[in-house]
Amino acid sequence: QVQVVESGGGEVQAGGPLRLFCTSSQFTSDDYAMAWFRQTPEKEREGVSCISWSGLSTDYTASVQGRFTISRDNAKGTLYLQMNSLKLEDTGMYYCAADPERNYCSNSWWTGSEYDYWGRGIQVTVSS
């Protein structure tokens, strides 16, 4: 099983930045696409951002476009999500996930159905 672990969450004031980290045991040797998802009790799971293995192709949900940046360093086995200009509605549990069958973000990556390996999640709370 691929190990996926998130870190870097916490509480931040609205408008501020926060960076999430995700480590994967397969980043250095396997060409998996990776993605960030988020969830709250009041909202359905949402695909936040996806990145291809090469890091050259990315996708974002419209609500975070221009504010969040996804990146990865395969040599370090680390995926990042830089979140800027955070809003209250960005609050939620953030999950890192890996797609073991693709090295790119499919047209339906945001559903999460193609992602077999998930971290336990990390809480992000944006306060006013």
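In this report, we go over the structure that sits alongside the text. Counting starts from 1 at the beginning of each chain's written sequence and moves along it residue by residue. Under the rules for a predicted model, residues below a pLDDT of 70 receive no local features and side-chain atom pairs below 80 are neither given nor counted, while totals for whole chains, interfaces and linings still include all residues. Computation of side-chain values covers all heavy atoms of the structure but excludes hydrogens and water.

**A closer look at the overall build of the chain**
Under the convention used in this document: Only DSSP runs of H or I with at least four residues qualify as helices, and only runs of E with at least two residues qualify as strands; both kinds are numbered from the N terminus onward. Each residue gets one of three labels from its accessible area relative to the maximum for its type: buried under 20%, exposed over 50%, partly exposed in between, using a 1.4 Å probe on protein chains only. Note on contacts: a residue pair is in contact if any heavy atoms of the two residues lie within 4.5 Å. For the accessible areas, the method is Shrake-Rupley and the probe is 1.4 Å, while residue cover comes only from the protein chains on display. Here the positive residues are Lys and Arg and the negative ones are Asp and Glu; neither His nor the chain ends is included. The location of each charge is read from NZ of Lys, CZ of Arg, CG of Asp or CD of Glu.
The secondary structure content of the chain amounts to zero helices and 11 strands. The N-to-C order of helical and strand elements in the chain reads β-β-β-β-β-β-β-β-β-β-β. Its C-alpha atoms give the chain principal-axis dimensions of roughly 40 × 25 × 25 Å. Buried positions account for 47% of the 128 residues belonging to the chain. The contacts of the chain with a sequence gap of at least 6 include a subset with a gap of at least 24, amounting to 59%. Surface summary for the chain: the accessible area is close to 6500 Å², and the carbon and sulfur share equals 46%. Across the chain, 10 positive and 15 negative side-chain charges occur, with their mean positions spaced 5 Å apart.

**Re the state of the cysteines**
We apply this condition: Disulfide assignment relies on a single distance test, namely cysteine sulfur atoms paired within 2.5 Å.
If you walk through the whole model with that rule in mind, you get two disulfides. Covalent S-S linkage joins Cys-22 and Cys-96, the inter-sulfur distance amounting to 2.0 Å. Looking along the S-S bond of the Cys-22-Cys-96 disulfide, the torsion reads about -75°, which is the left-handed sense. One end of the pair, Cys-22, is in strand S3 (residues 18–24); the other, Cys-96, is in strand S9 (residues 92–99), and 74 residues separate them in sequence. With respect to burial, Cys-22 and Cys-96 carry one shared label: buried. Here Cys-50 pairs with Cys-105 through a disulfide, and the sulfurs are 2.1 Å apart. The disulfide joining Cys-50 to Cys-105 has a torsion of about -100° about its S-S bond and is therefore left-handed. Residue Cys-50 is found in strand S5 (residues 43–51), and its partner Cys-105 is found in the loop between S9 and strand S10 (117–118); the two are separated by 55 residues along the sequence. With respect to class, Cys-50 is no different from Cys-105; both count as buried. Numbered by order of appearance in the sequence, the disulfide-linked cysteines of the chain pair as 1-3, 2-4.

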